[in-house]
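Read off the chains here:
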Amino acid sequence: MVEEGTRLWEPTPEIVRDAKVTRYMEWLGRPVDYQALWQWSVDAPAEFWTSVWDYFEVAGARGDGPVISGTMPGAEWFTGSTLNYAENALRRAASEPDGPAVVFRDESGARRALTLGELAGEVARVRAGLARLGVGRGDRVAAYAPNVPETLVAFLATASLGAIWSSCSPDFGAPSVIDRFTQIEPKVLIAVDGYDYNGRRFDRAAVADDIAARLPSLVARVRMPAGGAAAPAGTADVSTGTAVSEGQVGTAGTAGASAAGPVAGAAAHPVVSWDELRSAEEPLAFEPVPFGHPLWIVYSSGTTGLPKPIVHGHGGVVLEHLKALSFHQDLGPEDVFFWYTTTGWMMWNYLIGGLLVGATVVLYDGSATHPGTDALWRLAAEEGVTYFGTGAPYIIASMKAGVKPEGLERLRGLGSTGSPLPPEGFAWVHDTLPEVQLGSFSGGTDVCTGFVGAVPLLPVDAGVIPCRCLGAKVESFDPSGEPVIGEVGELVLTQPMPSMPVMFWNDPDGSRYRESYFADYSGIWRHGDWIKILPDGGCVIYGRSDSTLNRGGVRMGTSEFYRVVERFEEIADSLVIDTGQLGQEGRLLLYVTMAEGAELTDDLVERLRTTLRDELSPRHVPNEITEVPGIPRTLSGKKLEVPVRKILLGTPPAMAANLDAMANPEVLSHFTPKS
Ligand SMILES: CC(=O)CC(=O)O
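Predicted model only: the values in this text are computed from it and were never measured.

### Quick look at the UniProt feature "domain: Acetyl-coenzyme A synthetase N-terminal" (unreviewed entry) in the protein chain
Okay, step 1: Taking the UniProt record as the reference, the feature "domain: Acetyl-coenzyme A synthetase N-terminal" (unreviewed entry) is found at residues 34-89.
Okay, step 2: Here residues 34-89 runs as 46% helix and 14% strand, with 27 Å between its end C-alpha atoms.

Take a look at the structure:
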């Protein structure tokens, strides 16, 4: 067992000297002191964010309007300024056309690379193609597409026109894509015919047809062959619209006809191929748009009602990602940046932000563990990745599988997000890659970034996120709404950040937006996580505050519970649910999946109970411990604590959880209430 707070990594004087954030402080004329810099960044947000614009020489016109007008919700940033995300992402293409921009790898090991010049050329072609289809400023372009270079090209082309992007990963089933895209009424749908995962080809042509048929707003659909444009000829027949998959053809577990039943009649819009879309060579141009002009729409995985369509603006994303990627991940033009994600998670949007700081971005499409658990580590070694990001579950899986990554001499930083990483995960990273700085990073889709994370100036302690990020005034509130240090409380933001949503789509009076973050504390963003802020500024995240374990008034985040349970080598994964309701003590139910060859014996149950009693409290001994075949997770790897709690309290699974956004919906049937 690793004690929380054990010092694991410290920056050398050279790391501190060479850090991008150090150069920025020198430029500001401030002493190299992170805590003092953070305090200034939140006490003087207008000065701080102006300095970010100036320091990075953002391409655009800053104007002389106020930097912040109004307060949350509805604070406005850089009134009167104009810029374009795509121009900022491609700004070095003219001067360094041969510089590396994008590397793509798939499960089979196939590799494609694009220079900055090639990327800009492709963006120009697709931009022209979208414009021919009638796409202009404010129109929505939706993509049902994998993490391939064509998707990135299409996004940048969309942004260059001032049109609005939205993507879903092709492992999403039709109903959940329809739930998302019908809300935003896209003009063009870019849809892939299939994708490869875990050594299998999943044919998505019929799903793409179904989605397109339910989007009456479409003026055209672009057909992308499985594997992207570099797929072998014959992979997709664009004239007939039938997909001819190579290799084994499978049906994804989440596939299926739309929940709303079959659609009669063929779609009225034309279908064009990717090659037709990119057929004309045209000069690249960028539509200047106001700071808050919508860039993309991402979705929060809601469990009731339709997913929330969260709109982020060009300016907020450019400034936030420049700051976070440069000062916290320490990325620049010499870096090769990889984060394991699909296009359906905001970490894709974050990953491609690497272009803003000049890094080469590595796109990977496929399973993290195919053909073996070490798949991503190998990829990182082969591509000379300098910053490797992944979900915390992959680190835990690598630890449990005894993976020993090799050939990572260039690696300097390792990002972990998605769910809290326990101290043991921190220690494994440190023991395995002692030179590498682990950056546990937490924030969310809502702000398209992390607001607590690492910085190269601060040490890393087991289980502790080293700092609150610059410009993010994160505080922990006790039940009476008072800020607390050293105690677990509600994570709130008491100052606006520029990457907060500019609005929710289809929410003209802003009520849905206000209800989502501002219902509890007036003018203060409640994020929905438990956090403890330590006296030295370090932070510990304890999971979602709406799935808290409240045992006789002792409140605890679920991550503390998992930390104890998942240390047992017999346990592969776990889920804990407190069925208590407001004012009522409920039952504490622990679900476990077993490691290969292990059994849930009476002896193991007793050891689990004793350890939980000793390490947490007698109130945290489960009433029941049940073995299940799988722990329900979203496609981006988050445990479904709140939906399972609802199911156990009587809500039907299809109403409690968004089945199509789940990695393993079939396991939900094992979580039914006992009569
Ligand atoms: C940065 C994050 O917070 C990502 C996530 O967990 O969704």
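### A look at empty space enclosed by the protein
Okay, step 1: In this structure the tally under the stated criterion is one cavity of 30 Å³ or more.
Okay, step 2: Taken as a whole, the largest cavity spans an internal volume of roughly 40 Å³.
Okay, step 3: As for the largest cavity, its lining consists of Leu-8, Trp-9, Phe-426, His-430, Val-436, Leu-438 and Val-460.
Okay, step 4: Breaking the lining of the largest cavity down by element, the ones donating at least two residues are β1 (7-9) and α15 (423-432).
Okay, step 5: For the lining of the largest cavity, the residue count by class is six nonpolar, one polar and no charged.

### Looking at the sheet that holds strand β2 (residues 60-61)
Okay, step 1: Across the sheet, which stays open at both edges, the three strands sit in the order β2-β5-β18 with antiparallel pairing between neighbours. Taken across any chain shown, the strands that pair with only one partner, and hence form the sheet edges, are β2 and β18 (289-290).
Okay, step 2: Where β2 meets strand β5 (residues 82-83), two bridges bridge the pair, whose relative direction is antiparallel. Bridge pairing in β5 links Ala-61 to Thr-82.

### Structural notes on the pattern of salt bridges
Okay, step 1: Evaluated as defined, the whole model comprises 33 salt bridges.
Okay, step 2: A salt bridge links Arg-105 to Glu-382; the nearest nitrogen and oxygen atoms lie 2.6 Å apart. On the criterion of sequence distance, the pair formed by Arg-105 in strand β6 (residues 100-106) and Glu-382 in helix α13 (residues 375-383) is long-range, its members being 277 residues apart.
Okay, step 3: The class of Arg-105 is buried, set by a relative accessible area of 9%.
Okay, step 4: Of the charged contacts, one joins Arg-607 and Glu-570 as a salt bridge, the two residues approaching to 3.0 Å between their closest N and O atoms. Of this pair, Arg-607 sits in helix α18 (residues 602-615) while Glu-570 sits in the loop between α17 (558-565) and β37 (571-578), and the two are 37 residues apart along the sequence.
Okay, step 5: Taking the relative accessible area as the measure of exposure, Arg-607 reaches 33% and is therefore partly exposed.
Okay, step 6: A cluster of three or more residues bridged by salt bridges with shared partners is formed by Arg-105, Arg-111, Glu-382 and Glu-383.

Quick notes on the rules
Residues numbered from 1 in each chain as written. Predicted model: local features only at pLDDT ≥ 70, side-chain atom pairs only at ≥ 80, totals over all residues. Heavy atoms only, no water. UniProt positions renumbered as here; feature names shortened; annotations may be inferred. Helix = DSSP H or I, 4+ residues; strand = E, 2+ residues; numbered from the N terminus. 1 Å grid on protein atoms, 1.4 Å probe; cavity = no way out; pocket = protein on both sides within 12 Å on 5 of 7 lines; lining within 4 Å. Points joined across faces, edges and corners; volume = space filled by probe spheres on them. Nonpolar A, V, L, I, M, F, W, Y, C, P; charged D, E, K, R; others polar. Pairing = 2+ DSSP bridges. Salt bridge = Lys/Arg side-chain N within 4 Å of Asp/Glu carboxyl O. Buried < 20%, exposed > 50% of the residue type's maximum accessible area, 1.4 Å probe, protein only.

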